[in-house]
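# Structure assessment
Here are the chains, one letter per residue:
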Amino acid sequence: MEYRLLGNSGLYVSELCFGTGTFGGVHGFEAWGSTQVADAKRIIDICIEAGINFFDTADIYSQGVSEEILGKAIEGKKREDLIISTKSTFPFGEGANNQGSSRHRIIQQVEGSLQRMNTDYIDVYHMHGFDAVTPVEETLRALDDLIEAGKIRYIACSNFSGWHLMKSLSISEKYGWNKYIAHQVYYALTNRDYEWELMPLAEDQKVGAIVWSPLAGGRLGGKFSRSKEWPTSGRVAEGGSPVHEDSIERENLYRITDVLEAIAAETEKTVPQVALNWLLQRPTVSTLIIGARNEEQLKDNLGATGWKLNEEQMQRLNEASKTKAPYPYWHQTERPKINPAVNIFI
């Protein structure tokens, strides 16, 4: 397992992060998974033995139950050796202030997460989405105060657009507040939208990418292929994938899995291992969040580390997954001398 700096910070995180969205399986998360405490402890042990030090959750996952199970699963571990990430912004509980990124809500949710996970501090705290109602200054000042109070150590965001992130970074710089060091984003061979604006921004501003759903919500897990029947059971079929069905065209998926299967045979690796390895070699990526319903899936994903696809294999995957550039990026690619980053990243 390699360790990478998380954005513009001195914090080293493992190149694979374990996501605990499968912990709990209640309150709308039934299709994600239903891992309970005993199995969670075993999974956490396997992760730590493999060198993973980064664990991600969120208040919304099973309405706090995921955080509770994670807290119980890490009991007895050296807390200082673990990097714990959680998030808020999306609906939790009831009432007029049950969502958003106001000072009131952030402080309430941080206190709740600390209690549920039975920890004194949160290593990386995310805004799970952009709140366009609350002033950005209010959100960032509240987060800065929580860092000063020792409740959280670093801040990050998730699912922001380019201007959301850049505005936030600029306001933090203006007032001398702590900045977002990382951006949790959806990025996979099937969906490379991250590369057009967010990746160049991340490179320029030194914001590390924490990739969620690197296997496209299970579609690059080896079960979906031109040569196989479309699965009628499992996470995707049961509606447990966070990646929308219409975001991936079936023929595009098959074109990618054709190449993944060929390279998997060449390297004697599995399809998901190849897909994850491709992402680990992409610019700005600090870590990939992997999830697993069982030990077998987890151990397979762990096999994505310790080796590298060669340049020719990377290029084949680049070509198979390439999509048409949206405006203004197709216009910028025509002038590489003044827009070199657009051509470097895609």
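Our structure's up above, just so we're on the same page.
Residues numbered from 1 in each chain as written. Predicted model: local features only at pLDDT ≥ 70, side-chain atom pairs only at ≥ 80, totals over all residues. Heavy atoms only, no water.

### As for the overall build of the protein chain
Rules: Only DSSP runs of H or I reaching four residues or more are called helices, and only runs of E reaching two or more are called strands; each is numbered from the N terminus. C-alpha atoms define the radius of gyration in this analysis, and the globule rule sets the expected value at 2.2 Å times the number of residues to the power 0.38. Burial classification: accessible surface area is computed with a 1.4 Å probe over protein chains only, and a residue below 20% of its type maximum counts as buried, one above 50% as exposed, and the rest as partly exposed. Here, two residues are considered to be in contact whenever any of their heavy atoms come within 4.5 Å of each other. Note on areas: Shrake-Rupley with a 1.4 Å probe; residue coverage comes only from the protein chains shown. A residue counts as positive if it is Lys or Arg and as negative if it is Asp or Glu; His and the chain ends are not included. Taken as the charge location is NZ of Lys, CZ of Arg, CG of Asp or CD of Glu.
The helix and strand inventory of the protein chain stands at twelve helices and ten strands. Its C-alpha radius of gyration of 20 Å places the protein chain within 12% of the 20 Å reference for a compact globule of 346 residues. Along the longest, intermediate and shortest principal axes, the C-alpha atoms of the protein chain span 50 × 50 × 35 Å. Out of the 346 residues in the protein chain, the part that is buried amounts to 56%. For the protein chain, contacts bridging at least 24 residues in sequence account for 77% of all contacts bridging at least 6. Accessible surface for the protein chain amounts to roughly 15,500 Å². Of this, 49% is attributable to carbon and sulfur atoms. Across the protein chain, 36 positive and 46 negative side-chain charges occur, with their mean positions spaced 2 Å apart.

### Considerations on the packing of aromatic side chains
How we decide: Pairs were defined over the aromatic rings of Phe, Tyr and Trp, the Trp ring being its six-membered one, requiring ring centres within 6.5 Å. Orientation was assigned from the angle between planes: stacked under 30 degrees, edge-to-face over 60, tilted for the rest.
Applying the stated criterion to the full structure yields 13 aromatic pairs. Here the aromatic rings of Phe29 and Tyr61 are separated by 5.8 Å at their centres, their planes lie at 65°, and the arrangement is edge-to-face. Residue Phe29 is located in the loop between β3 (16-19) and α1 (37-50), and its partner Tyr61 is located in the loop between β4 (54-56) and α2 (65-73); the two are separated by 32 residues in the primary sequence. Phe29 gets classed as buried once you look at its relative accessible area, which sits at 11%. Classification of Tyr61 by relative accessible area gives buried; the value is 10%. Ring centres of Trp32 and Tyr61 lie 5.7 Å apart, and the angle between their planes is 40°; on these two criteria the pair is classed as tilted. Separated by 29 residues along the polypeptide, Trp32 in the loop between β3 and α1 and Tyr61 in the loop between β4 and α2 bring together distant segments of the chain. One exposure class covers both Trp32 and Tyr61, and it is buried.

### Quick notes on the packing of helix α7 (residues 250-267) against helix α10 (residues 311-321)
Rules: Angles here are taken between N-to-C directions and fall from 0 to 180 degrees, while the axes themselves are lines fitted to C-alpha atoms, restricted in helices to the stretch in contact. Angles are sorted into four bins: roughly parallel if under 35 degrees, roughly antiparallel if over 145, roughly perpendicular if 65 to 115, and oblique for all others. Helix crossings fall into two classes, left-handed where the near helix is turned counterclockwise from the far one by less than a right angle and right-handed where it is turned clockwise. Think of it as three bins: nonpolar holds Ala, Val, Leu, Ile, Met, Phe, Trp, Tyr, Cys and Pro, charged holds Asp, Glu, Lys and Arg, and polar takes everything else, Gly as well.
Orientation of α7 relative to α10, taken along the N-to-C sense of each, is 165°, at an axis distance of 9 Å. It follows that α7 is roughly antiparallel to α10 by the angle criterion. You can see that α7 and α10 cross each other, and the crossing is right-handed. Residues Asn252, Arg255, Ile256, Val259, Leu260, Ala262, Ile263, Glu266 and Thr267 of α7 touch α10, and the partners they reach there are Gln313, Arg316, Leu317, Ala320 and Ser321. Here the residues of the contact of α7 with α10 sort into seven nonpolar, four polar and three charged.

### Quick look at the environment of Asp145
We count it as follows: Contacts described as polar in this section are N or O atom pairs within 3.5 Å, which, within protein, must combine one atom able to donate a hydrogen with one able to accept it, while residues neighboring in sequence count only if both atoms come from side chains.
Secondary-structure assignment places Asp145 in helix α4 (residues 136-148). In sequence terms Asp145 and Trp177 are 32 residues apart; their C-alpha atoms lie 8.9 Å from each other. Within the structure, Asp145 has its side chain in polar contact with the side chain of Arg103 (distance 2.7 Å).

### Remarks on a nonpolar patch on the surface
Operational definition: Patch membership requires more than 30% relative accessible area and the absence of a salt bridge. Residues of like charge join within 9 Å; the nonpolar side chains Val, Leu, Ile, Met, Phe, Trp and Tyr join within 5 Å. Salt bridges are identified by distance alone: a Lys or Arg side-chain nitrogen within 4 Å of an Asp or Glu carboxyl oxygen.
Together, Tyr3, Leu5 and Tyr12 give the surface a local cluster of nonpolar side chains, amounting to about 310 Å² of exposed area. Structurally, Tyr12 is set in strand β2 (residues 12-14). A relative accessible area of 47% means that Tyr12 is categorised as partly exposed.

### Observations concerning the pattern of salt bridges
Under the defined criterion, the tally for this structure stands at 18 salt bridges. For Lys179, the salt bridge identified is with Glu173, shortest N-O distance 3.5 Å. By relative accessible area, which is 33% here, Lys179 ends up partly exposed. Note that Lys299 and Glu295 form a salt bridge whose closest N and O atoms lie 3.9 Å from each other. Residue Lys299 and its partner Glu295 are located together in helix α9 (residues 295-302), separated by four residues, close to a single helical turn.

### Points about α1
Here is the rule: Multiplying one less than the number of residues by 1.5 Å gives the expected span of a helix.
The terminal C-alpha atoms of α1, which comprises 14 residues, lie 20 Å apart, in line with the 20 Å expected from a rise of 1.5 Å per residue. A positive phi of about 105° marks Gly51, the residue just after α1.

### Observations regarding the environment of Arg226
Within the element layout of this structure, Arg226 appears in the loop between β9 (208-212) and α7. The spatial distance from the C-alpha of Arg226 to the C-alpha of Lys41 is 37 Å, given a sequence separation of 185 residues. Residues contacting Arg226, with those up to four places away along its chain left out, are Glu251, Tyr254, Arg255, Thr257 and Asp258. At 2.9 Å, the side chain of Arg226 forms a polar contact with the side chain of Asp258.

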